[in-house]
Structures are given as structure tokens and as C-alpha cells.
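Structural description and commentary
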Amino acid sequence: MSDQPTKTPWTPAAPAPLVSVHNEWDPLEEIIVGTAVGACTPRGDIAYDFMASRGGQRPLPPVGLYPEQVIEQTQEDLEELVALLRQANVRVRRARAHEPMRVIRTPDWEATEFYAYCPRDILLAIGTTIIETPSFMRSRHFEALAYRHLLLEYLGSGARWISAPPPRLSEEHFDTTRGPEHFLPEVEPVFDAANVLRIGRDVLYLVSISGNKTGAAWLKSTLGPEYRVHLLEGLYTSVHVDSTIVPLRPGLVLLNPERVSPSQVPSIFAGWDVLYAPEMVEYAYSDLMPHSSKWLGINLLMITPSLAFVDSHQVPLMKLLSSHGIECVPIRLRHGRPLAGGVHCVTLDVRRRGILEDYRT
């Protein structure tokens, strides 16, 4: 259920900004949940085609809306997630769906629009700031409009609202000929919010096909001296970081064993306990092509340092977390892999109860 339009689009500042989040684990107070309405395969999007074809290694899926049953079942699953979040005393806000397969244009290109399923990808909440990030996908160029009603409210509460420079994403801004590590030339800042992890004053930034070093430089200059932005290179070149590294609480981090070897553990985790995820339980509910790997199973959401929402299929993972004092609530997202989003992807935590800390001191 989407939020209803407010009579006043902007209000004076509240006593404290509604946006306040410093890490991935402090007690959760407010979160945004996406929508599967309009889920589709877009056209005219070089980045989407590169990902979906695995760099030209397999045929592209047909352009158009996903089957109605997939969308309906995913909406049911999202409503179940919303109910569980509310049971945990979390305020839930919702994306507004746009017209399915709407055509969008810039002076350089034309494409059909993606769907507002993963707020984690295009909005970055850090401190009391919320940033519209410069996505590498043409079809997501205007996706933040699905959250404009919330952004206006957050601004009115005293939060800082920033939009990164919109990337041109013209033909010369992509290299589809030399592999994923060369896909995003360093010609303009480009990155998804899901390339970023918040660990107090330290910010991890994954360099991949969805985020270049120029994007990291823009983020560093925008966040200022309070934060240290660390580049993660050579770990995982395909899209986002939250199926590779999952900070659970201070001193405990979950890693993907296929992507992060012991010698590659980021230095900011020195002295932390490291858990390597067990083999993922694979599953499928439809014959749609999966856009996410099996490792979407570690795409979990920390509600508090001792409570996690976890993919219901990942029983071995839940047992591992439980053995380290983390209670797990199983979450059903039947079509997460074809829609490319687990429970961390389809949510954006905008307020957690805590303060900015330095976990390296």
C-alpha cells in the first residue's frame, strides 16, 4: 500500500531529522519498502542488456512486463515483510509505482523505465543526509521520483537531500567489449547506492559495473572529512556489495566465500570475527531467468544487532547466525532472484537509533 499524497508537500523542520542512520545494524526505526508493480524487462538500456546477457554470453529476455502472477505473488510477499517490520515496531514507508513500461528520454537516448522494487539501489541514506545516486542504468534515470513524496517530507524534517550529477550514459560512456572490469570508463561519476556499506565513519565502496572510481571520488568529496571512503577492488565486478559483505554488528561480519578470500578481507575489519557464509540453498518458483546469483541468499537485513530478517530458504545460514547470538526471522521473497532483489535490496533503512562512531578506535 503506497503512502497517500499529503496536502502540504513541504513542512517546516521537525525537532530532529527523520533521516538518521550511521551503520547497518543499530536498532531500526524507519524503513522504505519498494514495489513490484510494473516489474519488467526494459528496452534501450545498455547496462541492463550487458548484465542480463552476462556480457553477451547468453540471449536477452524479451522486453515487456513480467507475468502477472509473479508481480502479484511478490506484492503479497512484500506485504508480509511490511507486517513483520511493523511487528518489530518499525515505521514503514512505501514507494509509489509509476506507469508500467513508461518511455523516458534525455538528449542522448530513449528507454523504457524500470520498476521501483529496490530503493537500496538508488537512494543512499547516511547520517542525516539522503542522496539520489547516479545509477548506471538508463531505465532507472528517474526512479527516485517514486520516492519524491518521502524525500520532501525528509527535507521538511531537517534532513539534507542531495542529488548526484545525473550521468549522461551515452554510448561512449560504456565499454561492452573488454569484460566487466572495463564496463564503466572513468568519464563521469556513476554508482548505485547498493555499492556502499556504512560502518560508522568508514564507508565501503565496491568498484564494479555499477560503480566507478569517479563515483567514489564524488561521494568522498560530498561526505566530507567526517567519513573515510574505502575502495573495494578485485572482489566482485558484477553490480552490488550486499551479497558479498554483510556487517552484522561491531566486531562481526559475514562474507561470501566465493568472492572474499582471507587475504582479501578489508582492513577495516581487522580484529573483527569473520563468518563465511555456508553454501546457499537454491530454489526457483518460475522459469524466469534469474538476474541474481544464489548468493542473494545472504542479502539479509539487520533489525537490531541481535535480530536479522533472512531469506526463509537459507536454514544453514540462519543456524550459523543463531550460533553467534543473532535471532533470525525467515522472510519469503519467492521471485527475488528474477526480480534481482532480496530483503536488503527491497528496503532502505533511513533511521536507526544510534550515533556516528569510529569502529576502528
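Here the structure is shown first, and the text comes after it.
Residues numbered from 1 in each chain as written. Predicted model: local features only at pLDDT ≥ 70, side-chain atom pairs only at ≥ 80, totals over all residues. Heavy atoms only, no water.

A short note on the nonpolar core
Proteins that are soluble and globular tend to have nonpolar side chains buried together. Defined as follows: Put simply, a nonpolar core is a bunch of buried Ala, Val, Leu, Ile, Met, Phe, Trp, Tyr and Cys residues held in one set by side-chain atoms that sit within 4.5 Å of each other. Whether a residue is buried, partly exposed or exposed follows from its accessible area with a 1.4 Å probe, protein chains only, as a fraction of its type maximum: under 20%, in between, or over 50%, in that order. In this text, helices come from DSSP runs of H or I with a minimum length of four residues, and strands from runs of E with a minimum of two, each type numbered from the N-terminal end. A contact between two residues is defined here by any heavy atoms of the two lying within 4.5 Å.
Residues Leu85, Tyr117, Phe136, Phe183 and Phe309 are the most contacted members of the largest nonpolar core, which totals 49 residues. Of all the secondary-structure elements, those providing two or more residues to this core are β1 (28-33), α1 (46-52), α2 (68-87), β16 (301-304), β17 (307-311) and β18 (327-331). Excluding its chain neighbours within four sequence positions, the residues that come into contact with Tyr117 are Gly34, Thr35, Ala36, Thr74, Leu78, Leu333, Gly336, Leu339, Ala340, Gly341, Cys345 and Val346. If you look at the next biggest cluster of nonpolar residues, it comprises 35 residues, including Val241, Leu255, Trp272 and Ile326.

Some remarks on the environment of Ala159
Locating Ala159 in the fold gives a position in the loop between α4 (148-156) and β9 (160-163). Assessed through its relative accessible area of 6%, Ala159 is described here as buried. Sequence separation between Ala159 and Pro17 is 142 residues; the distance between their C-alpha atoms is 4.9 Å. Setting aside anything within four residues of it in sequence, one finds Ala159 in contact with Pro17, Val19, Thr128 and Tyr154.

Regarding the sheet that holds β17
Inclusion rule: Strands were regarded as paired on the criterion that DSSP finds at least two bridges between them. Each axis is a line fitted through C-alpha atoms, and for a helix only the stretch in contact is used; angles between axes span 0 to 180 degrees, taken between their N-to-C directions.
Strand order across the open sheet formed by three strands is β16-β17-β18, with mixed pairing between neighbours. A single partner strand is all that each edge strand has here, and the edge strands are β16 and β18. Shown here is a sheet whose adjacent strand axes are inclined to one another by a mean of 30 degrees, direction ignored. Bridging between β17 and β18 involves five bridges; their strand directions are parallel. By the bridge assignment, Asp311 is partnered in β18 with Ile331. Taken strand by strand, α2 contacts β16, β17 and β18, and its axis lies near 155 degrees from that of β18.

Thoughts on the sheet that holds strand β4 (residues 91-94)
With mixed pairing, the three strands of this open sheet are ordered in space as β4-β1-β19. The open sheet terminates on both sides in strands that have one partner only, identified here as β4 and β19 (347-352). In this sheet, adjacent strand axes meet at a mean angle of 20 degrees when their direction is disregarded. Both β1 and β4 contribute to a ladder of four bridges, which runs parallel. Of the residues in β4, the one forming a bridge with Ile32 is Arg93. Here α2 sits on the sheet in contact with β1, β4 and β19, set at roughly 150 degrees to β4. Strands in contact with α4 are β1, β4 and β19; relative to β4, the strand with the most contacts, it is inclined by about 130 degrees.

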